[in-house]
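Okay, here's what each chain looks like letter by letter:
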Amino acid sequence: MKYVLLFCGTEDDAHRYDTMSASALEAQLAQVGAWFADPRIRGGMRLAPGSTATTVRFGNNGDPLVTDGPFIEGKEDIGGWAVVEVAHLDEALAMAKAWPGKGVVEVRPVHQSEQG
Amino acid sequence: MFREEAGLLTGGLVRLLGDFDVAEEIVQDTLLAALERWRRDGIPDRPGAWLATAARRRAIDRLRRNARFRQKLALLEVEPAGGGEPDDRLRLIFTCCHPALSPRARVVLTLRAICGFTTAEIAGALLLSEAAVAQQIHRARRKIVEAGIPYRVPDAEELAARLDPVLAVLYLMFNEGYLSSGAGDPARRDLAEDAAWLAALLTRLLPTEPEPLGLLALMRLHLARASARFDAAGDLVLIADQDRSRWDRAAIAAAIALVERAGAMRRPGPYQLQAAIAACHAEARSWAETDWRQILVLYDLLLRLSPSPVVRMNRAVALRWVAGSTAALAELESLAAPLDGYHLFHAARAELLHELGRREEARAAEERALGLTANRAERALLERRLKLSPGAGA
């Protein structure tokens, strides 16, 4: 089954990277790199912070409205994602638990029509 | 009988069909059909085999109608009848109690798939509407299928963490049944008995795990005292006032042996400690002879493992008998914020306030407790105390 892992975190989590020493940051990035080297990962990306997002929202009349910021205003923000292909939820959860970036990881199955 | 068979049947079918949803539905249909049939024709000689055959027949019918499972048909037709290894039920328990399901859904699914409750029985046992239960089952089944919740026993390294929600479901089931037994309608299925049966099953399936033993011992210690919990009028009697000659001494001794067996594994846990506390109460020949110091030591250990406000509250209640009511009340007052919505907190507070002669406050706390519980027997006890006051609790 395919799952999308959504890596979320608070602003504090994001700022942690800004204040890390060069060697600590390097070590952290190496861990993330090692995590992404898993052959069960089918793709993924790190996103720029939510403050850089712009949202297009279709109103009731179907017209698009452009607003600043991410579509959910909140403390937590999606920092990246990965698609994994595994046997079942427990395997996807084990991968999420091993995520070196910490914060919050949402494990969401890909829709049945896309499981292929 | 149905409880023994339902989990076996469902477990076996899930393994064969690889589909929790379908298997569970077939078992429900089979059990309902059996009930009707047996009521009319009498119970067959080997009911287990009858059910297994009927369930398999239904599964085959179902598969014929469903192209997706056609390749599995061959497998089902050669498998011998009654193919339910205990392993299947263990897998089923871990599926039903998966942390990806809501705690309420875990209880509902466990009752349904493992204990073989009908939707109406679940609704009755959990005081929910049938529609709400049906909805919950429907949603949970969909989640199992769509989120890919597996049908497997967790690996050794995940087992401890995955066992927690399983034990929590069983304990919740037990409490729901135990607290309301004798107060509800007699046709209600006894959840407490079902929960103890499941805990016993778990100890057989996972013989090297101490916490299921602890939980089983805890349940059996409660059940051993069950008949003394209500007086002739059907009113709840607190442990201090119970007629201890009505406690089942043999059952208590057997449960304590379970606590000791778990203890010998040298991996203490919250259920073992709660069982040890219950054992202290059960072993005391009178309320006055209760070993409160030992109980306090056990609560301290328990607090280290699960530092919850409710455990702290229970420790404060025990503290009363070691350090006095003033010390106990001070400890209790510090828990007012997290426990304000919990009726037993106010009931315990009321008792200490009575003890200290603060009657007005005690009465207010009792009224608060009464306002917070829906349980009939508990309400009756609190109402009785309110009527008796100002002398009550002394």
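Cut-offs used in this document
- Residues numbered from 1 in each chain as written.
- Chains lettered and ligands numbered in written order.
- Predicted model: local features only at pLDDT ≥ 70, side-chain atom pairs only at ≥ 80, totals over all residues.
- Helix = DSSP H or I, 4+ residues; strand = E, 2+ residues; numbered from the N terminus.
- Contact = placed C-beta atoms within 7 Å.
- Pairing = 2+ DSSP bridges.
- Axes fitted to C-alpha atoms, helices over the stretch in contact; angles between N-to-C directions.
- Domains from an automatic or database assignment.
- Nonpolar A, V, L, I, M, F, W, Y, C, P; charged D, E, K, R; others polar.
- Core = buried A, V, L, I, M, F, W, Y, C linked by C-beta atoms within 7 Å.
- Buried ≥ 20, exposed ≤ 12 C-beta atoms within 10 Å, placed from the backbone.
- Left-handed = near helix turned anticlockwise from the far one by under 90°.

Student: Before we go on, may I ask you to explain the overall build of chain B in this structure?
Tutor: Counting its regular elements, chain B contains 20 helices and zero strands. Within chain B, contacts between residues at least 6 apart in sequence are counted, and of these 61% link residues at least 24 apart.

Student: What should I look at first to understand the sheet that holds strand β5 (residues 76–85) of chain A in this one?
Tutor: Each strand in a sheet pairs with its neighbour through backbone hydrogen bonds, running either in the same direction (parallel) or in the opposite one (antiparallel). Residue and element names in this part refer to chain A. On the basis of which strands lie adjacent, the open sheet formed by four strands has the order β2-β5-β1-β6 and antiparallel pairing. Single-partner strands in this sheet number two, and they are β2 (41–46) and β6 (104–109). When the angles between neighbouring strand axes are averaged without regard to direction, this sheet yields 20°. Against the sheet, helix α3 (residues 89–97) touches β1 (2–10), β5 and β6, its axis set at about 160° to β6.

Student: What's the story with the domain arrangement of chain B in this structure? I'm lost.
Tutor: One widely used convention gives an interface's size as the accessible area the parts lose upon coming together. All names here are of chain B. Domains assigned within chain B are domain 1 (208–293) and domain 2 (308–394). In this structure, domain 1 and domain 2 have C-alpha centres spaced 23 Å apart. Between domain 1 and domain 2, the residue contacts involve four residues of the former and eight residues of the latter. Residues that form the side of domain 1 that touches domain 2 fall into these classes: two nonpolar, no polar and two charged.

Student: Looking at this structure, how should I read the nonpolar core?
Tutor: Within soluble globular proteins, side chains that are nonpolar generally end up buried alongside one another. Residue and element names in this part refer to chain B. Formed by 111 residues in total, the largest nonpolar core has its most connected members in L170, A195, A217 and L221. Each of domain 1 (208–293) and domain 2 (308–394) gives at least three residues to this core. A195 has contacts with L170, M173, F174, G177 and M219, leaving out every residue within four places of it along the chain.

Student: What exactly am I supposed to notice about the environment of S308(B) here?
Tutor: Residues and elements named next belong to chain B. By the element assignment, S308 lies in the loop between α14 (292–305) and α15 (309–323). In this structure S308 comes out as partly exposed when scored by C-beta crowding, with 13 C-beta atoms within 10 Å. As a C-alpha pair, S308 and P338 span 30 residues in sequence and 9.6 Å in three-dimensional space.

Student: Which parts of the structure should I look at to understand the packing of helix α12 (residues 249–263) of chain B against helix α13 (residues 270–283) of chain B?
Tutor: Two numbers describe a pair of packed helices, the interaxial angle and the distance between the axes. All names here are of chain B. One can describe the packing of α12 onto α13 by two numbers: an axis separation of 10 Å at closest approach and a directional angle of 145°. Where α12 crosses over α13, the handedness of that crossing is left-handed. Between α12, through I252, I256, V259, A262 and G263, and α13, the contact on the second element is made entirely by Q272, A275, A276, A279 and A282. Taken together, the residues of the contact of α12 with α13 sort by class into eight nonpolar, two polar and no charged.

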